[in-house]
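An overview of the molecular structure
Residues per chain are reported as follows:
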Amino acid sequence: MDFAQEFTTTLNGHQTAVAPAAAVLSEDSQSTVQMEPESFTLSIFTENRIGVLHRIITVFTRRHLSVDSFTTSETEVPGIFRFIVVLETTQVMAEKVRKQLEKIIGVIRAFALRESDVVRQELALYKVSMEKLQNGSLEKIIRDNHARVLTVESDYIMIEKTGHPGDTIDLFHKLEAFGVLGFSRSGTIAISKKPLLSPEDRLMIKGK
Amino acid sequence: MQSSPQALSAIPPEKRIVSGSEAVILSLLEENVDTIFGYPGGAIMPVYDALYDFQDQIRHILMRHEQGATHAAQGYSRVTRKVGVCLATSGPGATNLVTGIADAMMDSTPMVCITGQVASHLLGTDAFQETDVISMTIGITKWNYQVTRAEEIPLAIAKAFFIANSGRPGPVIIDICKDALLGSTEFEYEHVTKVGAYTPLPVASKQNLQEAADLLNTAQRPYCLLGHGVMIAGAQDLFKEFIEKTGIPVGSTMQGLSALPSDHPLHTGMLGMHGNYGPNILSNKADVVIAIGMRFDDRVTGDVKRYLTDAQVIHVEIDPAEIDKNIMADVALLGDAADVLRELIPMVEKRSHPEWRKLFHDADKVEYEKVIQHDIHAQGEFVRMAEVVHQLSEKTKGEATVVTDVGQHQMATARYYKFRETDAWVSSGGLGTMGYAVPAAFGAAIARQDRPVLCFVGDGAFQMTLQELTVLAYEKTPVKIILLNNGFLGMVRQWQELFFEGRYSFVHMHNPDFVAVGKAFGLEAERVDTRAQLSDAIDRMLAHEGPFLLEIKVEQEGNIFPMIPSGCSVDEVILEPKH
Ligand SMILES: Cc1ncc(C[n+]2csc(CCOP(=O)(O)OP(=O)(O)O)c2C)c(N)n1
């Protein structure tokens, strides 16, 4: 079975659903090389999850790159997974890492995307105590922060928020006055802003 | 418990039900494996039991240490370009493979290691002789896979062979749980030629080829860096055609040695830390550099910031991750060296660069006067490593397979053996593994009996894997071991002398009687103490039919020059110690 082929076929059907194209840093981009660290989102498509997980991680650990966020989930194509890794690094290093990732057997393609080229979001859950509701207007905070209530139990209320990592932390601080019993964030997921795969990338994903 | 192979072959192939272990052996046979280097133990015992019935079809060599098995497999592979195969048990058997696997990874040597593993229900329980081989070898394998069911075996092995020897070759481990080996499966074998999205052979774009050709056609001082990739691709003839048409002088990496005959008029010598003077002093004068099948290792480049300062760089490379890794390429030609050269040759103009090449000849003269003549025609009291290598090079007419260990003797051999055969240099480059030579020489010798095998080793390195002498003796493998005994861990001593104010810290060797050791293992052995004895002793060694250990007492504190001190630029290469 050829996952890559299958993946491409599906991609062609849902081009806007998965758009990993965008700023693939090309081999001859030396003239515009940025030496300052910036935030990169690596979008890595793989043929399995557990088998490549460790190999993907060693690409970062070997180079002492600390990663801000690391998430993985299955794509809309069964058997094809996507890892999203966010890290601060230079363009040169992002490109080296991208190539090392693509060298892993089981990785279909990896893309190094600039912050300006992606939409990034994360999900956060907050478990807030019912005991100190008098400390402010919880309802207003929820509304102003575009959060929502998931469940209300006898002694706590569960709130959910989607947003930038900065926003989810912001909300955490605002909720602290009420007593936050639990807080969990998903890590960043991202999608490229460019609507279509470039012809080149479509070709590459085919895996030839 | 198992049917014999004769009975098996009577059954139509698609109906064969075999044990997991038999599936392992049958898969190896399907991959045309004729030799395995291994060592038995608990978890791999079922495979050894199956092997019992196939001894007439597969030669198993019982090495004396699993590390020896890996290096033997590497030696075997380096002279045949076939996949080297190792077999080992779980736990300590597998951990003993680690050094050789790492070495094979660094030097792009195709190798498949099959390890036994505890039964699948015991995984993760710290069972007897359980080690997490897969996690341990992630960083040093091209691919690895743990098999927990017998029916996975044929496909896993087929993938392993394909991955190990396609694209940029490398080592693969297949770790097989004991219950999978004992279980049974239908045996059907299909060779693998594609694994998911893995693209072993990228193709250089027409546009980049044209850009490269334009650069080469207008270059004033072009230089070609020749790497191991040329031999891996089997591109030696195309390479020669390419340089002869373009007239570009060539510097070889250490691992590129023997790709081009050493006496080829365009061969300027070896690059790097202990390479030749011309290649190092002139690299930064080149205006166009074409690097073929090499990866700009730091031992080649010296300080990367001051390397190829005046050159546009064309990088011909099969592994995209090597492009721009150490040295930025102006033009990247992705692909197998043979494929790229085949495309490029018709696009380049016939040229010659007499003035530019003269600079290399001038540099050669300087090096000859300052270094080489004193090395190979040494007058001092003690024998020098270089003169030994020089004599062996002459006496074997450059036609031997040359295997080395790691240290000063390796550099002396790389510098002074003049190759006329190809795939004839077997040495640990990227990892620099002491203990490599004796087992690697054994592997190389049994793989190719058409030429003599010289094994250069230091007194330190020799003691790391000398247990494999037993194998040389019982297999009567005619490896000629030239033990260059300086009584020191010479290369470390040289650095202590030059960069640590002569503070010799734990580099003096208290050695055994090597001749007695050789004889105890069953080798013919002799010692040379003086220059006067050298030539005759070498003749006796070369004339001897079986394995031979020739210990040669060499100058204790001899140094290898030229040298690029680490951190320096290639053009800061020094010819002699500063006084
Ligand atoms: C396994 C291993 N341990 C340590 C080293 C570091 N090392 C590099 S060269 C060398 C000295 C080698 O001494 P010897 O084998 O006597 O050879 P010589 O340099 O004297 O020719 C050492 C210790 C190494 N390369 N490999």
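The following refers to the structure shown. Here the structure is a predicted model, which is why all the values come from computation and not from measurement. (Residues numbered from 1 in each chain as written. Chains lettered and ligands numbered in written order. Predicted model: local features only at pLDDT ≥ 70, side-chain atom pairs only at ≥ 80, totals over all residues. Heavy atoms only, no water.)

Our focus in this paragraph is the overall build of chain B. A tally of helices and strands in chain B yields 24 helices and 20 strands. When its C-alpha atoms are laid out on the principal axes, chain B stretches across 75 × 60 × 40 Å. Looking at chain B as a whole, 62% of its 579 residues are labelled buried. The long-range share in chain B, meaning contacts at least 24 apart out of those at least 6 apart in sequence, stands at 76%. When the accessible surface of chain B is totalled, it reaches about 21,700 Å², and 52% of it is carbon and sulfur. Positive and negative side-chain charges of chain B, numbering 48 and 73 respectively, have mean locations separated by a distance of 4 Å. (Helix = DSSP H or I, 4+ residues; strand = E, 2+ residues; numbered from the N terminus. Buried < 20%, exposed > 50% of the residue type's maximum accessible area, 1.4 Å probe, protein only. Contact = heavy atoms within 4.5 Å. Areas by Shrake-Rupley, 256 points an atom, 1.4 Å probe, with all protein chains shown as cover. Lys, Arg positive; Asp, Glu negative; His and termini not counted. Charge placed at Lys NZ, Arg CZ, Asp CG, Glu CD.)

Now for the interface of chain B and chain A. Where interface size is quoted, it is often the accessible area lost as the parts come together. Contacts between the two partners involve 27 residues from chain B and, on the opposite side, 18 residues from chain A. A buried area of about 1,900 Å², summed over both sides, lies between chain B and chain A, and 54% of it is on carbon and sulfur atoms. On the surface where chain B and chain A come into contact, there are 1 salt bridge. Where lysine 103 of chain A meets aspartate 319 of chain B, a salt bridge forms, and the shortest distance between an N and an O atom there is 2.6 Å. Of all elements in the fold, only strand 6 (143-147) and strand 14 (331-334) of chain B reach the threshold of two or more residues within the side of chain B that touches chain A. Classifying every residue of the side of chain B that touches chain A by side-chain character gives 13 nonpolar, 6 polar and 8 charged. (Buried area = accessible area lost by both parts, 1.4 Å probe. Salt bridge = Lys/Arg side-chain N within 4 Å of Asp/Glu carboxyl O. Nonpolar A, V, L, I, M, F, W, Y, C, P; charged D, E, K, R; others polar.)

A full pass over the atoms with the stated rule returns 18 aromatic pairs over all chains. Judged by centre distance (6.2 Å) and plane angle (85°), the rings of phenylalanine 45 of chain A and phenylalanine 111 of chain A are edge-to-face. In this pair, phenylalanine 45 of chain A is assigned in strand 1 (residues 38-46) and phenylalanine 111 of chain A in strand 4 (residues 107-114), connecting sequence segments 66 residues apart. The two residues phenylalanine 45 of chain A and phenylalanine 111 of chain A agree in class, both being buried. Measuring from centroid to centroid gives 6.0 Å for phenylalanine 37 of chain B and tyrosine 76 of chain B, while their planes differ by 70°, and the two rings are edge-to-face. Residue phenylalanine 37 of chain B is found in strand 2 (residues 35-38), and its partner tyrosine 76 of chain B is found in helix 4 (residues 66-80); the two are separated by 39 residues along the sequence. Taken together through their ring pairs, the aromatic side chains of Tyr126, Phe172 and Phe183 of chain A make up a single cluster. In this arrangement the basic side chain of lysine 127 of chain A is found over the ring face of tyrosine 156 of chain A, its NZ or CZ atom lying 4.9 Å from the centre. (Phe/Tyr/Trp six-rings, centres within 6.5 Å; stacked < 30°, edge-to-face > 60°. Lys NZ or Arg CZ within 6 Å of the ring centre and 35° of its normal.)

Let us look at the site of the ligand. Residue and element names in this part refer to chain B. Near the ligand you find 18 residues, and of these Gln408, His409, Gly432, Ala461 and Gly490 are the closest. In this structure, histidine 409 approaches the ligand through a side-chain N or O atom, which is 2.8 Å from an oxygen atom. Between the ligand and asparagine 486, the relevant distance is 2.9 Å, taken from an oxygen atom to a side-chain nitrogen or oxygen of the residue. Relative to its unbound accessible area of 590 Å², the ligand is 76% covered by the protein chains. Elements with a minimum of two residues in the shell around the ligand: helix 18 (408-416), helix 20 (459-462) and helix 22 (490-499). Of the residues contributing to the shell around the ligand, the split by class is 9 nonpolar, 8 polar and 1 charged. (Near = heavy atom within 4 Å. Polar contact = N/O pair within 3.5 Å; in protein donor to acceptor, adjacent residues only side chain to side chain.)

Take the packing of helix 10 (residues 206-218) of chain B against helix 15 (residues 337-344) of chain B next. All names here are of chain B. At their nearest, the axes of helix 10 and helix 15 sit 10 Å apart, and the two run at 65° to each other. The orientation of helix 10 with respect to helix 15, classified from their angle, is roughly perpendicular. Crossing of helix 10 over helix 15 shows right-handed handedness. Counting all contacts with helix 10, which are made through Lys206, Leu209, Ala212, Ala213 and Leu216, the residues of helix 15 involved are Val340, Glu343 and Leu344. (Axes fitted to C-alpha atoms, helices over the stretch in contact; angles between N-to-C directions. Parallel < 35°, antiparallel > 145°, perpendicular 65-115°, else oblique. Left-handed = near helix turned anticlockwise from the far one by under 90°.)

Here we come to the sheet that holds strand 2 of chain B. As a general point, the strands of a sheet are linked pairwise by backbone hydrogen bonds and lie either parallel or antiparallel. Residue and element names in this part refer to chain B. Strand order in the open sheet formed by 6 strands is 3-2-4-5-7-6, with parallel pairing between adjacent strands. The outermost strands of the open sheet, each flanked by one partner alone, are strand 3 (59-62) and strand 6. Ignoring which end each strand starts from, the neighbouring axes of this sheet average 20° apart. Relative to strand 5 (residues 111-117), strand 4 (residues 84-88) is paired through 5 bridges, and the arrangement is parallel. What sits directly across from glycine 84, in strand 5, is methionine 111. (Pairing = 2+ DSSP bridges.)

Further remarks concern helix 24 (residues 531-543) of chain B. Residues and elements named next belong to chain B. Helix length check: helix 24, at 13 residues, gives a terminal C-alpha distance of 19 Å against a target of 18 Å (1.5 Å per residue), a fit within 8%. Restricting attention to buried positions, one finds in helix 24 the residues Leu534, Ala537, Ile538 and Met541. Looking at the packing, one finds that the buried side of helix 24 touches helix 17 (385-395), strand 18 (479-485), strand 19 (524-528) and strand 20 (548-553). (Expected span 1.5 Å × (residues − 1).)

With that settled, the discussion passes to the nonpolar core. Residue and element names in this part refer to chain B. Residues Leu225, Phe296, Ile482 and Ile552 are the most contacted members of the largest nonpolar core, which totals 61 residues. It is helix 16 (residues 354-376) that contributes the most residues to this core, 6 residues altogether. Both of domain 2 (206-359) and domain 3 (383-555) provide at least three residues apiece to this core. Apart from the residues within four sequence positions on either side, isoleucine 482 is in contact with Val388, Leu392, Leu454, Cys455, Phe456, Val457, Met541, Leu550 and Ile552. (Core = buried A, V, L, I, M, F, W, Y, C linked by side-chain atoms within 4.5 Å. Domains from an automatic or database assignment.)

Here we come to the packing of helix 4 of chain B against helix 6 (residues 98-106) of chain B. All names here are of chain B. The geometry of helix 4 relative to helix 6 is characterised by a closest axis approach of 7 Å and an angle of 25° between their N-to-C directions. With respect to helix 6, the axis of helix 4 lies roughly parallel. Along its contact with helix 4, which presents Gln67, Thr70, His71 and Gln74, the element helix 6 presents Thr99, Gly100, Ile101, Asp103 and Ala104. Class assignment of the residues belonging to the contact of helix 4 with helix 6 gives a composition of 2 nonpolar, 6 polar and 1 charged.

This part is about the pattern of salt bridges. Taken as a whole, this structure holds 37 salt bridges over all chains when the rule is applied. Across the pair aspartate 298 of chain B and arginine 299 of chain B runs a salt bridge whose closest N-O atoms are separated by 3.5 Å. Judged by relative accessible area, arginine 299 of chain B falls into the partly exposed class, the value being 43%. For the salt bridge of lysine 370 of chain B with glutamate 576 of chain B, the shortest nitrogen-to-oxygen distance reads 3.3 Å. A residue pair is termed long-range when its members are at least 10 positions apart, and lysine 370 of chain B in helix 16 and glutamate 576 of chain B in the segment after strand 20 qualify at 206 residues. Lysine 370 of chain B gets classed as partly exposed once you look at its relative accessible area, which sits at 42%. Note on glutamate 576 of chain B: relative accessible area 38%, which makes it partly exposed. Here the salt bridges share partners, and the residues they tie into one network are Lys103 of chain A together with Arg168, Asp319, Glu322 and Lys325 of chain B.

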